Amino acid sequence: MWSPAPLCALGRRRRGPSAPLQPLTRLLQREYREKIQREYRERPPIHLLEREYREKIPIHPLQREYRQKSLTRLLQREYRALPGQGWGRTQHLSPRCFVSNNPKSRRNPKTFPVLDGRVPAVYRHVFEENLRNSEAVIQRYSELLERVKKGGGEKAILRHTQRNKKLFVRERLRLLLDHEDFLELSPLAGLDMPYGDVPAAACLTGIGRICGVWCVFIASDATVKGGTIYPIGVKKQLRAQEIAMENRLLSVHLVDSGGAFLPLQSELFPDKLHGGRIFYNEAIMSAMGIPQVAVVCGSCVAGGAYVPTMAEESVIIDKIGTLFLAGPPLVKAATGEDVSPEELGGARLHSQVSGCSDHFAASEEEAYECIRNVVSTLNCDPVPEEDRESDSPLYSPEELLGLAPLDYSCTLPVKLSLYISLQILSRLVDGSRFQEFKAAYGTTLVTGFGHVEGHLVGIVANNGELVHDAALKGSHFVQLCGQRGIPILFLQNTAPQPAGPASISQAEAHSNRLKAQASMMAAVACAAVPKITIVIGGCFGSDSYVMCGRSFSPNFLFLWPNARVALVDPRHLPTVPAAGDWAGEELELKQLKAKPVPFSALSRLEEESSAFYSSSRLWDDGIILPQDSRKVIAQCLEIMEQKKSQSVSPHPHPIIRM
Ligand code: COA
């Protein structure tokens with residue numbers, strides 16, 4: 001009697017009207033749709049439905065697979081059928097992810113093994129050396145941050161606040177955000193550029209909450225050359241928009257900008273990923289159903305004028321906000337007419353006549369209050385600030401300063417490496433508990449599951465050279481996370497350069513390693529789950545791609561200040577020997593083998609591979625302190641979780657301003 005069912009489920013036989021389970025399925029569908037509509041109007045808890053279905057559908061060993069599939073199908077249909085009741089919440093999940101809405105179900109199990117994070121006395125000197133280096137780089141990082149926080153300098157701030165009667169950009173954000181839990185992105189961007197210092201690239205970007213909803217902020221800093229957009233500023237704004245798109249985050253623009261920085265127009269106007277892309281993205285994001293709002297809180301000239309005009313809703317501030325394609329000086333030059341900024345494109349004109357702005361605010365404070373009200377009308381479900389239960393790690397995160405490697409070769413020799421990664425993990429995951437995957441295989445890569453402030457995460461951490469077995473294990477694990485819908489955290493510390501093959505068997509090992517790394521690259525690129533990469537040491541060569549480097553589009557990528565980013569580590573390159581050190585044939589042979597690099601090039605390479613150089617060029621989303629990593633990772637996981645509660649726009653068209 002039961003035999004046709006499993007065959008149908010396995011696709012071996014077409015399911016016909018005579019299949020015995022059909023009437024039962026239809027009956028159940030109808031019965032349960034009515035039941036759900038009656039009983040679970042608010043938010044149907046899917047786990048309850050699942051249990052009820054299980055109890056209702058008869059069990060037979062041969063039918064198990066069919067039952068699972070029909071159960072999945074039925075639940076999906078039920079959720080689709082109920083308007084506005086949770087389908088948007090669950091449709092992105094694969095059928096295996098029956099996620100309960102109850103946060104308690106995500107509590108970290110106390111059964112994961114506890115890591116031993118003690119630093120053995122024999123490695124204490126390495127710990128001390130790392131610690132000294134960490135303190136030095138953190139000191140440098142703090143100095144650079146101080147420099148950035150001063151914006152365009154004291155004179156410019158005075159002009160901005162006293163003469164122009166405007167609030168400083170950080171003050172504006174403070175008024176807008178729910179609280180100061182703001183994840184600033186790439187604050188060092190724009191430092192020491194070939195065209196000079198552009199503190200914070202003249203615009204602050206970051207992620208914070210308004211009315212409980214995580215939003216991306218793009219806020220011009222008019223104290224830096226009138227908030228004009230430099231090439232690095234374009235890159236920073238595009239990255240913020242990319243983050244908003246990938247994570248479906250509402251975007252808030254605070255525009256106070258003189259438009260393009262004219263002397264560098266060729267580097268920010270003509271190309272695909274130049275200034276115009278910001279406006280293109282605004283349209284695409286609107287069509288994707290990602291809301292964008294703007295405050296005109298200063299001059300919005302030329303390019304700067306399009307940002308608020310293309311936003312879905314905008315607010316303009318009286319006597320402070322102006323919006324025009326060409327300012328009064330250009331009007332004077334073209335027509336000889338004297339016109340004030342207010343007359344040409346002030347708040348009253350745009351809210352009463354042109355319609356470029358939707359709300360008039362008498363003061364800055366009123367404008368930010370208005371934006372908060374606008375956000376509350378977006379109908380975005382904030383991720384509940386749940387009381388997620390989580391244990392702190394058993395070891396102090398402060399000790400990560402002694403584990404942040406100064407240099408690959410001196411801190412991670414093979415023996416030590418086996419537990420440096422685990423020691424780092426023991427200071428990142430809840431209760432220092434870690435469910436390791438394939439612990440004894442491919443040990444130069446550590447893979448496994450842990451919780452960070454209650455969020456389950458798959459962890460992939462370098463633990464030596466990414467050799468064949470390690471890369472295979474990495475591919476397997478990444479696919480597991482993809483299949484289970486678990487976000488992946490990559491802790492990257494790649495080897496400076498692979499040693500050249502010295503024999504045929506080594507060359508063979510290299511080919512195998514290449515093949516396995518290619519597989520892992522494919523697995524990483526295609527894993528459709530959120531990814532966070534933290535470079536905790538080296539980001540060298542192709543291994544860094546495999547470990548979800550920038551070109552593999554992790555949702556977020558941060559560096560520790562000790563990190564080094566380069567094709568090869570200059571500290572491991574041989575240099576030209578001093579004259580007289582070697583002689584004759586031996587010298588020739590050694591020079592040939594060593595391919596020496598001149599000292600001048602070495603010092604440039606050294607400088608270019610520092611974390612600060614990387615961060616000022618936006619190769620990452622910012623530097624984070626090792627001891628803050630746990631908090632930042634948890635924040636990112638929470639931000640990415642908001643996507644689950646966003647429904648995809650049923651109308652793929654942008655909002656057009658009328
Ligand atoms: N390109 C290059 N530099 C610019 C600039 C631009 N588009 N806009 C402003 N700056 C510079 C100014 O030269 C000044 O530099 P300085 O400090 O070295 O003297 C600095 O930014 C601040 O400008 P300032 O005019 O003193 O400040 P402000 O607060 O009084 O006015 C603006 C700010 C943006 C309203 C005003 O500078 C302006 O209208 N700029 C022209 C904007 C424009 O025409 N843009 C077209 C882009 S396509």
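Residue numbers restart at each chain and count upward from 1, following the sequence in its written direction. Per-residue local features of the predicted model are confined to residues with pLDDT of at least 70, and side-chain atom pairs are confined, for both listing and counting, to 80 or more; whole-chain, interface and lining totals are unaffected and use all residues. The side-chain figures draw on all heavy atoms in the structure; neither hydrogens nor water molecules are used.

**Student:** Teacher, can you tell me more about the packing of aromatic side chains here?
**Tutor:** Any aromatic ring pair is given by two values, namely how distant the centres are and how the planes are angled relative to each other. In this scheme Phe, Tyr and Trp rings, the latter by its six-membered ring, pair at centre separations within 6.5 Å, and the angle between planes marks the pair as stacked below 30 degrees, edge-to-face above 60, and tilted otherwise. For the coordinates displayed, the defined rule picks out nine aromatic pairs. Taking 5.9 Å as the distance between ring centres and 70° as the angle between the ring planes, the aromatic pair formed by phenylalanine 182 and phenylalanine 217 counts as edge-to-face. With a gap of 35 residues between them, phenylalanine 182 in the loop between α8 (169–176) and β1 (183–185) and phenylalanine 217 in strand β3 (residues 213–220) connect regions that are remote in the sequence. Ring geometry for tyrosine 545 versus phenylalanine 552: centroids 6.5 Å apart, planes at 20°, classification stacked. Classification of tyrosine 545 by relative accessible area gives partly exposed; the value is 37%. On the basis of relative accessible area, phenylalanine 552 is assigned to the buried category, the value being 18%. Ring pairs connect the aromatic residues Tyr195, Tyr230 and Phe261, which therefore count as one cluster. The ring of tyrosine 441 has lysine 438 sitting right over it, with the charged end atom 5.3 Å from the ring centre. Per the convention used, a helix needs a DSSP run of H or I reaching at least four residues, while a strand needs a run of E reaching at least two, with both numbered from the N terminus. A simple rule labels every residue: compare its accessible area, found with a 1.4 Å probe on the protein chains alone, to the largest value its type can have, and call it buried under 20%, exposed over 50%, or partly exposed in between. Over a ring means this: the NZ of a Lys or the CZ of an Arg is within 6 Å of the ring centre and within 35 degrees of the ring normal.

**Student:** How should I be thinking about the sheet that holds strand β12 (residues 488–492) in this particular structure?
**Tutor:** Each strand in a sheet pairs with its neighbour through backbone hydrogen bonds, running either in the same direction (parallel) or in the opposite one (antiparallel). A pair of strands counts as paired when DSSP detects no fewer than two bridges linking them. The sheet built from six strands is open, its strands ordered β9-β10-β11-β12-β13-β15 with mixed pairing. For this open sheet the edge positions go to β9 (435–437) and β15 (556–559), each flanked by a neighbour on one side alone. Taken pair by pair, the neighbouring strands of this sheet meet at an average axis angle of 20°, ignoring direction. For strand β10 (residues 445–452) and strand β11 (residues 455–462), the ladder comprises eight bridges, and the chain directions are antiparallel. Residue pairing across strands places threonine 447 opposite valine 460, the latter belonging to β11. On the sheet, helix α19 (residues 468–484) packs against β9, β10, β11 and β12 and is oriented at approximately 30° with respect to β10. Each axis is a line fitted through C-alpha atoms, taken for helices only over the stretch in contact, and angles between the N-to-C directions span 0 to 180 degrees. Pairs of residues are marked as contacts when any of their non-hydrogen atoms sit within 4.5 Å.

**Student:** Sorry if this is basic, but what is going on with the site of the ligand here?
**Tutor:** In this text, near means that some heavy atom of the residue lies within 4 Å of the molecule or strand in question. Residues in contact with the ligand amount to 14 residues; listed here are only the nearest, Arg163, Lys225, Gly258, Ala260 and Leu262. Take lysine 225: an N or O atom from its side chain is 2.6 Å from an oxygen atom of the ligand. Whenever a nitrogen or oxygen atom comes within 3.5 Å of another N or O atom, the pair is scored as a polar contact, on the condition that within protein one atom can donate a hydrogen and the other can accept it, and that pairs from neighbouring residues in sequence are kept only if both atoms are in side chains. Residue leucine 262 places a main-chain N or O atom 3.1 Å away from a nitrogen atom belonging to the ligand. About the coverage of the ligand: the protein hides 57% of its 850 Å² of free accessible area. Elements that contribute at least two residues to the shell around the ligand include exactly α7 (154–163) and β5 (292–301). Counted by class, the shell around the ligand contains six nonpolar, five polar and three charged residues. Accessible surface area values rest on a Shrake-Rupley calculation with a 1.4 Å probe, where residue burial reflects the displayed protein chains alone. Residues are grouped as follows: Ala, Val, Leu, Ile, Met, Phe, Trp, Tyr, Cys and Pro are nonpolar; Asp, Glu, Lys and Arg are charged; every other residue, Gly included, is polar.

**Student:** Teacher, can you tell me more about the pattern of salt bridges here?
**Tutor:** Opposite charge on two side chains lets them pair, provided their charged atoms get close. We define a salt bridge as a contact between a side-chain nitrogen of Lys or Arg and a carboxyl oxygen of Asp or Glu at a distance within 4 Å. This structure, assessed with the given rule, holds 25 salt bridges. Notably, a salt bridge pairs arginine 147 with aspartate 192, separated by 3.3 Å at the nearest N-O pair. Highlighted residues: arginine 147 in helix α6 (residues 124–149) and aspartate 192 in the loop between β1 and β2 (203–210), separated in sequence by 45 residues. For aspartate 192, a relative accessible area of 46% translates into the label partly exposed. For glutamate 465, the salt bridge goes to arginine 513, with nearest N and O atoms at 2.8 Å. Of the two residues, glutamate 465 is situated in the loop between β11 and α19 and arginine 513 in helix α20 (residues 504–526); the sequence distance between them amounts to 48 residues.

**Student:** Please explain the nonpolar core as it appears in this structure.
**Tutor:** When a protein is soluble and globular, its nonpolar side chains tend to lie buried together. Nonpolar core, defined: a set of buried Ala, Val, Leu, Ile, Met, Phe, Trp, Tyr and Cys residues in which side-chain atoms within 4.5 Å join the residues together. Counting residues in each nonpolar core, the largest one holds 49 residues, and the members touching the most others are Leu188, Val252, Leu254 and Ile371. Excluding anything up to four places from it in sequence, valine 252 contacts Leu176, Ile210, Cys215, Val216, Phe217, Ile218, Val293 and Ile371. Leu183, Leu185, Phe434 and Leu637 belong to the second-largest nonpolar core, a separate cluster that totals 46 residues.

**Student:** Before we go on, may I ask you to explain a positive patch on the surface in this structure?
**Tutor:** Exposure above 30% relative accessible area and the lack of any salt bridge qualify a residue for a patch; like charges then connect within 9 Å, and the nonpolar side chains Val, Leu, Ile, Met, Phe, Trp and Tyr within 5 Å. The charge count treats Lys and Arg as positive and Asp and Glu as negative. His and the chain ends do not count. By convention, the charge on Lys lies at NZ, on Arg at CZ, on Asp at CG and on Glu at CD. Residues Lys155, Arg159, Arg163 and Lys225 make up a contiguous surface patch of positive charge. Residue placement: arginine 163 occurs in helix α7.

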